[in-house]
2 protein chains.
Amino acid sequence: MKTTIKEVALKANVSIATVSLVLNKNTRISPQTRETVLKAARKLNYYPSRSARALVSKQTGNLGFVLTKDHFLRTEPFYTKIFLGTEIEANNKDYYVFLTVMNSVYNESDSLPRFVLEKNIDGIIIAGKVADAFLVKLKKYNIPIVLIDYIPKKGDYSIVIMDNIQGSISAVEYFIKLGHKNIAFIAGDISHPSISERLRGYKLALKRNKIMLNNSLILTKYSSPNRTNGYKAAEHLLSISKKISAVFCCNDAMALGLIDCLKDKKPSLLKKISIIGFDDIEEDTRVSPTLSTVKVNKIDLGVEAVKLLVNNIKGKNITNKKIIIPTELILRESTRNNGKYNLN
Amino acid sequence: MKTTIKEVALKANVSIATVSLVLNKNTRISPQTRETVLKAARKLNYYPSRSARALVSKQTGNLGFVLTKDHFLRTEPFYTKIFLGTEIEANNKDYYVFLTVMNSVYNESDSLPRFVLEKNIDGIIIAGKVADAFLVKLKKYNIPIVLIDYIPKKGDYSIVIMDNIQGSISAVEYFIKLGHKNIAFIAGDISHPSISERLRGYKLALKRNKIMLNNSLILTKYSSPNRTNGYKAAEHLLSISKKISAVFCCNDAMALGLIDCLKDKKPSLLKKISIIGFDDIEEDTRVSPTLSTVKVNKIDLGVEAVKLLVNNIKGKNITNKKIIIPTELILRESTRNNGKYNLN
DNA sequence: TCATTTGGGTTAAACGTTTAACTAATAATT
DNA sequence: AATTATTAGTTAAACGTTTAACCCAAATGA
């Protein structure tokens with residue numbers, strides 16, 4: 001059977017209120033009593049009942065984490081690592097997190113996640129792009145919301161994102177420093193703010209360094225930024241008769257697809273051109289050539305989201321905040337080349 | 001504010017007990033009253049408070065789902081899909097699922113997941129191989145346990161697994177039917193029961209068809225069965241001067257690594273030898289050549305685990321059960337060849 | 001000296017359900 | 001007709017916390 005507060009109180013020779021106050025770090029209790037109570041609790045292996053606590057405090061102690069199916073099932077563990085971060089910080093803050101996965105397309109008539117309907121959470125974290133209709137519907141429930149890696153066109157939200165602009169600039173400027181002038185950009189899902197920001201960073205870096213923008217080197221028509229589409233983008237790059245000595249990819253998955261394609265079609269080129277990805281997905285980017293990339297601290301995104309959300313729940317930070325996690329350029333083998341050779 | 005049972009009772013002109021009984025599908029209430037109550041509940045958008053319910057019923061309504069970090073962050077969405085399955089069935093059965101990720105190595109002194117310590121779950125599902133010390137410690141808490149895709153050497157557990165033996169036999173026998181005689185097997189993490197069963201199936205199929213076992217064609221020394229190790233295994237296969245016309249891989253990830261390697265080293269061979277994987281991970285296996293594989297219904301594994309677990313919680317099925325999910329051989333481009341050509 | 005404040009607790013109500021025990025009305029049995 | 005059984009509900013206790021309101025003793029102030 002589960003130990004209750006009553007038994008702890010009995011053992012410590014105090015009232016149950018005292019036990020409760022000690023556990024809630026109330027200063028009204030003297031250090032001595034405090035110690036006695038804590039010792040008794042430890043000895044009895046006591047953990048307060050979440051249900052009882054929730055019932056009276058009107059807080060469930062749960063957070064919701066929402067992911068679309070395509071984000072959750074993505075090959076690279078990007079959003080799953082973000083989830084890991086939320087779990088770590090939720091633990092620190094004594095919350096539990098419910099992960100739920102919704103369909104990637106959202107219809108007006110679709111219902112909201114069960115934990116919203118049943119009001120079984122105190123706040124909700126949404127990672128990646130989701131339908132605006134979903135957000136609008138959700139807002140009506142008056143639950144604190146934090147978005148990760150997505151900025152809706154309309155509406156005011158607490159948001160945690162990585163520094164896409166700065167990351168892209170550092171990548172492209174590194175190419176330029178190496179001597180590259182003909183730098184391509186490949187991307188999928190350009191409607192996602194993070195991706196379009198990376199394109200913006202690419203353009204900004206070129207402009208800042210007085211390099212003419214060449215639109216035929218910008219490939220953004222692909223749907224999902226995955227390995228297969230990276231392969232297709234590479235095929236296209238090979239087919240156009242333009243000078244290209246470096247490729248900046250909107251993420252590592254596409255960069256891997258690019259490398260796959262070159263291995264298939266023109267293996268010799270791999271030693272000659274330069275490639276930078278984005279995200280630093282760790283697995284599968286450490287094979288020949290290892291991939292230079294803009295590293296995103298995924299755990300941090302999750303951690304900061306929980307911090308922000310809990311502040312919102314507790315009533316601090318009534319105003320919505322935007323937190324930007326810095327990125328870092330990581331250099332590996334795929335950026336050994338100086339712009340002398342070209343794809344075509 | 002949240003609607004309570006009181007307000008529903010008031011609106012339906014009955015006692016709160018009646019509302020509760022209706023919602024719990026008790027037959028003591030007449031169909032008419034039943035309807036009135038349900039209508040009132042619907043109109044008031046009423047959902048019972050989980051906390052209150054949990055408090056009195058001594059059941060949290062939560063299930064725990066445990067995954068090791070390396071399983072969770074794996075490139076192929078295998079265990080994540082299993083989680084999806086548990087979520088679907090938990091929904092049907094009115095449970096919530098807490099997903100938690102633990103370190104891949106477990107030390108005796110490591111603590112158990114928080115939801116176990118705090119007794120915030122009614123049952124627990126563990127997917128993939130975990131340390132036996134962890135299971136032993138867990139058992140002491142007397143929480144119903146269901147394992148997915150893992151059979152511990154000692155101890156009695158409720159288990160859900162896929163049919164590894166039958167799947168492997170069907171793959172290898174298909175090779176044989178095509179005319180292959182020199183069939184290699186590559187694997188990682190051979191200590192995992194599912195992997196060693198696949199090896200057993202491979203051997204069984206050869207024996208059944210009177211093909212001599214050649215141990216130099218069996219490569220199982222790799223740690224994790226991932227793409228990179230598939231690549232390494234392929235390098236090794238290329239280096240030994242043995243006839244090999246077909247390769248059975250312990251999973252799709254290794255098969256993809258094998259294909260990667262052939263693309264790098266001997267692209268022409270890809271059209272000549274045959275390859276079969278295991279799992280059917282869907283993404284990235286649909287590029288040249290598309291991968292033949294033994295399909296595992298991952299969703300089903302999760303669904304069946306929840307069914308089994310809930311039965312255990314509810315006190316049916318006191319005895320531990322083993323559920324075996326059938327597999328299916330899926331033929332794609334990687335098995336077009338008949339054994340005439342060889343790797344070396 | 002008496003009134004007031006402070007420190008360190010306790011008491012008891014409340015949170016929203018479930019469910020055993022009860023009741024009243026009707027139906028079935030003898 | 002009297003007794004018993006059944007049907008369809010109600011009453012009230014219980015679950016394990018939190019917390020506002022209260023209390024008493026000791027310290028402080030005038």
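Let us look at the structure shown here. This one's a predicted model, so the numbers in the text were calculated from it and none came from an experiment.

So, how was this worked out
Residues numbered from 1 in each chain as written. Chains lettered and ligands numbered in written order. Predicted model: local features only at pLDDT ≥ 70, side-chain atom pairs only at ≥ 80, totals over all residues. Heavy atoms only, no water. Pairing = 2+ DSSP bridges. Helix = DSSP H or I, 4+ residues; strand = E, 2+ residues; numbered from the N terminus. Axes fitted to C-alpha atoms, helices over the stretch in contact; angles between N-to-C directions. Contact = heavy atoms within 4.5 Å. Disulfide = S-S within 2.5 Å. Buried < 20%, exposed > 50% of the residue type's maximum accessible area, 1.4 Å probe, protein only. Expected span 1.5 Å × (residues − 1). Polar contact = N/O pair within 3.5 Å; in protein donor to acceptor, adjacent residues only side chain to side chain. Near = heavy atom within 4 Å. Least-squares fit on C-alpha atoms with pLDDT ≥ 70 in both. Buried area = accessible area lost by both parts, 1.4 Å probe. Salt bridge = Lys/Arg side-chain N within 4 Å of Asp/Glu carboxyl O.

**A closer look at the sheet that holds strand β6 (residues 183-188) of chain B**
Residues and elements named next belong to chain B.
Phase 1 of the analysis: Within the open sheet, the six strands sit side by side as β7-β6-β8-β9-β10-β12. Their pairing is mixed. One side of each edge strand has no neighbouring strand; the edge strands of this open sheet are β7 (218-222) and β12 (327-330). The sheet shows a mean angle of 15° between the axes of neighbouring strands, direction not considered.
Phase 2 of the analysis: Note that strand β10 (residues 292-296) and β12 share four bridges and pair antiparallel. Bridge assignment links Lys295 to a residue of β12, and that residue is Glu328.
Phase 3 of the analysis: Of the strands in this sheet, β6, β7, β8 (246-249), β9 (274-279) and β10 touch helix α12 (residues 252-265), which is tilted by about 150° from β9.

**Examining the state of the cysteines**
Residue and element names in this part refer to chain A.
Phase 1 of the analysis: Evaluated as defined, the whole model comprises zero disulfides over all chains.
Phase 2 of the analysis: We note that Cys250 lacks a disulfide partner, and the nearest cysteine sulfur, in Cys249, lies 7.5 Å from it.
Phase 3 of the analysis: Cysteine Cys261 shares no disulfide, and the gap to the nearest cysteine sulfur, in Cys249, comes to 12 Å.
Phase 4 of the analysis: Residue classification places Cys261 among the buried positions, given a relative accessible area of 0%.

**What about helix α13 (residues 298-314) of chain B?**
Residue and element names in this part refer to chain B.
Phase 1 of the analysis: With 17 residues, α13 ought to run about 24 Å at 1.5 Å a step, and its terminal C-alpha atoms sit 25 Å apart, in line with that.
Phase 2 of the analysis: By the criterion of burial, α13 is predominantly enclosed, with twelve of the 17 residues buried.
Phase 3 of the analysis: Its side-chain oxygen placed 3.3 Å from the backbone nitrogen of Ile299, Asn297 serves as the N-cap of α13.
Phase 4 of the analysis: Downstream of α13 by one or two residues, Gly315 has phi in the positive range, about 90°.

**Quick look at the protein's contact with DNA strand D**
Phase 1 of the analysis: As a structural note, the neighbourhood of DNA strand D is formed by 26 residues, with Ser20 of chain A together with Ser15, Thr18, Arg28 and Ser30 of chain B the closest of them.
Phase 2 of the analysis: When atoms of DNA strand D within 4 Å of the protein are split into backbone and base, the sugar-phosphate part holds 58%.
Phase 3 of the analysis: The contact in question runs from a phosphate oxygen of DNA strand D to an N or O atom on the side chain of Arg53 of chain A, over 3.0 Å.
Phase 4 of the analysis: Of all the secondary-structure elements, those providing two or more residues to the surface near DNA strand D are α2 (16-23) and α4 (50-57) of chain A together with α2 (16-23) and α4 (50-57) of chain B.
Phase 5 of the analysis: In terms of residue count, α2 of chain A provides more of the surface near DNA strand D than any other element does, four residues in total.

**What to know about the relation of the copies chain A and chain B**
Phase 1 of the analysis: The operation relating chain A to chain B is a screw motion whose rotation component is 180°, with 0.0 Å of axial translation and a residual RMSD of 0.1 Å. Both copies of the chain, as the preceding transformation shows, are related through a two-fold rotation axis. Relative to the rotation axis, the closest C-alpha in chain A is found at Ser51 of chain A, a distance of 2.1 Å.
Phase 2 of the analysis: Comparing interface residues between copies, 100% of those in chain A also lie at the interface in chain B; the contact surface is shared.

**Points about the pairing of strand β11 (residues 322-325) of chain A**
All names here are of chain A.
Phase 1 of the analysis: Only one face of β11 is buried, namely the one carrying Ile323 and Ile325, since none of Lys322 and Ile324 on the opposite face is buried.
Phase 2 of the analysis: Note: strand β5 (residues 158-162) against β11, four bridges, orientation parallel. By the bridge assignment, Ile159 is partnered in β11 with Lys322.

**Points about the interface of chain A and chain B**
Phase 1 of the analysis: Counting residues at the interface gives 49 residues for chain A and 49 residues for chain B.
Phase 2 of the analysis: Across the chain A/chain B interface, buried area totals approximately 4600 Å², and carbon plus sulfur atoms make up 54% of it.
Phase 3 of the analysis: Sorting the residues of chain A by area buried against chain B places Thr75, Tyr96 and Arg114 of chain A first, and these three jointly supply 16% of that buried surface.
Phase 4 of the analysis: Here chain A is connected to chain B by six salt bridges.
Phase 5 of the analysis: Arg50 of chain B is paired through a salt bridge with Glu118 of chain A; the nearest N and O atoms lie 3.3 Å apart.
Phase 6 of the analysis: Taken together, the connections running from chain A to chain B amount to 18 residue pairs in polar contact (both at pLDDT 80 or more).
Phase 7 of the analysis: For the side of chain A that touches chain B, the element with the highest residue contribution is helix α6 (residues 79-92) of chain A, accounting for seven residues.

**Examining the protein's contact with DNA strand C**
Phase 1 of the analysis: With respect to spatial proximity, 26 residues lie near DNA strand C, and among them Thr18, Arg28, Ser30 and Thr33 of chain A together with Ser20 of chain B are the closest.
Phase 2 of the analysis: In DNA strand C, atoms within 4 Å of the protein come from the sugar-phosphate backbone in 59% of cases.
Phase 3 of the analysis: One of the backbone N or O atoms of Val56 of chain A is found 3.5 Å from a base oxygen in DNA strand C.
Phase 4 of the analysis: Here a phosphate oxygen of DNA strand C and a side-chain polar atom of Tyr46 of chain B are 3.0 Å apart.

**Observations regarding the sheet that holds strand β7 (residues 218-222) of chain A**
Residues and elements named next belong to chain A.
Phase 1 of the analysis: On the basis of which strands lie adjacent, the open sheet formed by six strands has the order β7-β6-β8-β9-β10-β12 and mixed pairing. Of all strands in the sheet, those with a lone pairing partner are β7 and β12 (327-330), marking the two edges. Here the average twist between neighbouring strands, direction ignored, is 15°.
Phase 2 of the analysis: Judged from the three bridges that link them, strand β8 (residues 246-249) and strand β9 (residues 274-279) form a sheet pairing that is parallel.

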